[in-house]
Each structure stands twice: as C-alpha cells, then as structure tokens.
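Coordinate analysis (summary)
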Amino acid sequence: MIHQVLLASVVSLFNEQPLFTEPVAFPRSPETSISVDSAKYLGHRIGYINAAIGRDLPLVTLEGSGAQYQLVLQGGTWVSLGYKEGRFPLLTQDFYFSVGPQFRYGTLSGALKFNHISAHLGDGIDELIYETLTEEEKAQYDQAESFTGQDILLVAPKSYSRDYESLQLAWEPPGRSTLNTRDRLYLQVGYAHKMIPRHLGRWYIGVGDCLTYPGHHFDFFAANDVTWNQDVDSIDYSLRTGILLADPTGLFQVQIALTYYNGSDRRGQLVGRRLEQIGFGVFIQ
C-alpha cells in the first residue's frame, strides 16, 4: 500500500506542469535537447554536438485570490561533444540546479530562483584543438610531450562556479493579432552572490520574446533573447526558429529548430571567449 502511494506521488510530480514557462531562446534555460552546431575556434571552423538534459519538478501547488503558486525544483546539465574516428569525446560539461517559488496570475507569470552552476572540462577538448594546429605546431607539441614524457594540456581546466539569485517575469498579451499569432514577452535579472573566478562581474539582465503562428499540423515559432552579462561585459544575442510539434499529453513542447548565437561563450570552461554559433536540433521544454 505504501509503495503504491509513493509511486502515485512520483507520477504526479512528472505530470505536473510548472506555472512559469522558461524562455525559449535563452541559452541556459533548462531543457532536454540535442543539436549539431558549428563555430569558429582559434580561427578554425569546427563542428560539435551540444546535448542537454533538464527538467522542472513542481513540488507543491497552491491556489488563492485568483493566482496559483508553486515550489519548483530544477536540474540540468549541458554537454558538448566532439567527433573523431567514430568517437564522441567530451569537450565541456556544465551542471545546474535551482529551487524557488513560481506564480501565475492571469497572463502574468514569474519565477524567483536560487541557482547553482558549475563547469567541467573534458579530455576531448585537447583532441579537438590538436586538429586545428598546423603541421609545424603539431610537430613541436609532439616533440615537447616526448621530451617531458608527460601529457601537455593544450587547454587547461578552470575553476568555475557561481551561486546566484534570479527573477524572471513573463507576459502573454491576451487575444490574437490580425495574423492569429500568439506572443510571449519576458524580462529576467540575476545576481551572483558567490562567483569563481572572483573577478568576474555578478549581474545579468535580459529581455526576449517568442512569437507563435498556428498551422494545420504544427505551429511555426520564432524566439529571440538579448542578455547583458556583466561577467565579461557582453551583450549576447540568441535566436531559435522552427516548428512546434503537437503533444497530445500537453506535458512537453517539442521543437525542431534552427539556432543562432552571437556573444560570450556561456560554457563556464570557455568563459571570456567570443562565440558565433549556428546549429540545428531537437529541443524539448
């Protein structure tokens, strides 16, 4: 009897929808996805795979005075994988979790979160960078390793983590436009009370939207995000556009989309690097 109650509680957790919908184009919104991306690194264009696993778990839902309230736990990880001779070496990995209240009142919703993120470097980053070297540079590197008898890192791992608070607000204008589109606007701001490296800036603030046009078998959408990140004093732009597939259960939003990003690299191990990235993938929020 007890195990049936526990099982029912777990099922209800995964069936519960969060009151706040994460910004679609924001590069650090928790989601489950896989995409093939391309960017320049040290003057060379490289291809790699970005994958993410993320989930919202509403723990408690309350209602009162026409509003709804939730306590939500979030967790996720972002992984970048290279490709070499049938293998997918790990390049970078970022871990994330948060907890905090959410609310919805009519067309307004929001989330206050206490977040943590940390970043780790994979062994595959050296393999990827090695392939971008000239033949002369490769010979010098191989000679240095042979002389020392030790592996020499081309990219040294960094200590990177931050604990931060964030506030997100979203507004869905009532009704439809003349083109029968649906729109969603949002604003978000965050401050890191603990940052490693310590010299990085602590604030970020961003705005964005997601415009959806309903079709016969699927919907078309386009989402934008513009965020100022004080850590490297950068204004970063992100775009995602494609189609939304119908989900009979209403629990997930499945997107097949093209992506574009221009700004500071949000992977913690590559902080401070400029990134212009294009890609194509499947995203589940």
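Higher on the page you've got the structure.
The paragraphs below set out a description of the structure included in this document. (Residues numbered from 1 in each chain as written. Predicted model: local features only at pLDDT ≥ 70, side-chain atom pairs only at ≥ 80, totals over all residues. Heavy atoms only, no water.)

1. Details of the pattern of salt bridges
Scanning all chains against the criterion turns up eight salt bridges. For glutamate 22, the salt bridge is made with lysine 113, and the minimal N-O distance between the two is 2.6 Å. Residue glutamate 22 is found in the loop between helix H1 (2-15) and strand S1 (32-41), and its partner lysine 113 is found in strand S5 (residues 108-121); the two are separated by 91 residues along the sequence. Just as glutamate 22 is buried, lysine 113 falls in that class too. In this structure, arginine 184 and glutamate 172 form a salt bridge, with 3.7 Å as the shortest nitrogen-oxygen distance. Separated by 12 residues along the polypeptide, arginine 184 in strand S7 (residues 182-196) and glutamate 172 in the loop between strand S6 (161-171) and S7 bring together distant segments of the chain. The class for arginine 184 is buried, based on a relative accessible area of 9%. By sharing partners, the salt bridges in this structure join Arg104, Glu172 and Arg184 into a single network. (Salt bridge = Lys/Arg side-chain N within 4 Å of Asp/Glu carboxyl O. Helix = DSSP H or I, 4+ residues; strand = E, 2+ residues; numbered from the N terminus. Buried < 20%, exposed > 50% of the residue type's maximum accessible area, 1.4 Å probe, protein only.)

2. Observations concerning the pairing of strand S9 (residues 218-229)
Looking along a regular strand, one sees the side chains alternate between the two faces of the sheet. Where strand S8 (residues 203-213) lies against S9, 10 bridges are found, and the strand directions are antiparallel. Directly across from cysteine 210, in S9, lies its bridge partner alanine 223. The turn joining S8 and S9, which pair antiparallel and follow one another in sequence, is formed by four residues. Taking the residues that link successive antiparallel strands as the turn, the S9-strand S10 (residues 234-245) hairpin has four residues, and the phi of aspartate 233 there is positive, at about 50 degrees. (Pairing = 2+ DSSP bridges.)

3. Focus on empty space enclosed by the protein
By the definition in use, this model includes five cavities of 30 Å³ or more. One number sums up the size of the largest cavity: a volume of about 480 Å³. Lining the largest cavity are 29 residues; nearest its centre among them are Pro27, Arg28, Asn50, Trp78 and Gln277. Counting only elements with at least two residues in the lining of the largest cavity, the list comes to S1, strand S2 (44-64), strand S3 (67-81), strand S4 (90-105), S10, strand S11 (254-264) and strand S12 (274-284). Grouping the constituent residues of the lining of the largest cavity by class yields 13 nonpolar, eight polar and eight charged. (1 Å grid on protein atoms, 1.4 Å probe; cavity = no way out; pocket = protein on both sides within 12 Å on 5 of 7 lines; lining within 4 Å. Points joined across faces, edges and corners; volume = space filled by probe spheres on them. Nonpolar A, V, L, I, M, F, W, Y, C, P; charged D, E, K, R; others polar.)

4. Side note on the side chain of glutamine 102
By the secondary structure assignment, glutamine 102 is in strand S4. Residue glutamine 102 is classed as buried on the basis of its relative accessible area of 3%. In this structure the side chain of glutamine 102 is engaged in a polar contact, spanning 2.9 Å, whose partner is the backbone nitrogen of phenylalanine 20. Residues within four places of glutamine 102 in sequence aside, it is in contact with Pro18, Leu19, Phe20, Gln68, Tyr69, Gln70, Val72, Gly110 and Ala111. (Polar contact = N/O pair within 3.5 Å; in protein donor to acceptor, adjacent residues only side chain to side chain. Contact = heavy atoms within 4.5 Å.)

5. With respect to a nonpolar patch on the surface
A contiguous nonpolar patch, built from Leu59, Val60, Leu62, Tyr69, Leu71, Leu73, Val99, Leu112, Phe114, Leu167 and Leu169 and spanning about 900 Å² of accessible area, is present on the exposed surface. Listed by contribution, the elements that provide at least two residues to the nonpolar patch are S2, S3, S5 and S6. Within the element layout of this structure, valine 60 appears in strand S2. (Patch = residues over 30% accessible without salt bridge, like charges linked within 9 Å, V, L, I, M, F, W, Y side chains within 5 Å. Areas by Shrake-Rupley, 256 points an atom, 1.4 Å probe, with all protein chains shown as cover.)

6. Some words on the sheet that holds S2
If you trace the 12 strands once around the closed barrel, you get S1-S2-S3-S4-S5-S6-S7-S8-S9-S10-S11-S12, paired in antiparallel fashion. Sheet twist, expressed as the mean angle between neighbouring strand axes with direction ignored, is 20 degrees. (Axes fitted to C-alpha atoms, helices over the stretch in contact; angles between N-to-C directions.)

7. Quick notes on the environment of phenylalanine 283
Relative to the assigned elements, phenylalanine 283 resides in strand S12. The spatial distance from the C-alpha of phenylalanine 283 to the C-alpha of leucine 244 is 9.6 Å, given a sequence separation of 39 residues.

8. What to know about the nonpolar core
With 17 residues, the main nonpolar core has Trp78, Tyr96, Ile117, Tyr160, Tyr164 and Leu200 as its most contacted residues. Among the elements of the structure, S5, S6 and S7 are those that each provide at least two residues to this core. Ala39, Tyr48, Leu91 and Ile125 belong to the second largest nonpolar core, which has 12 residues in total. (Core = buried A, V, L, I, M, F, W, Y, C linked by side-chain atoms within 4.5 Å.)

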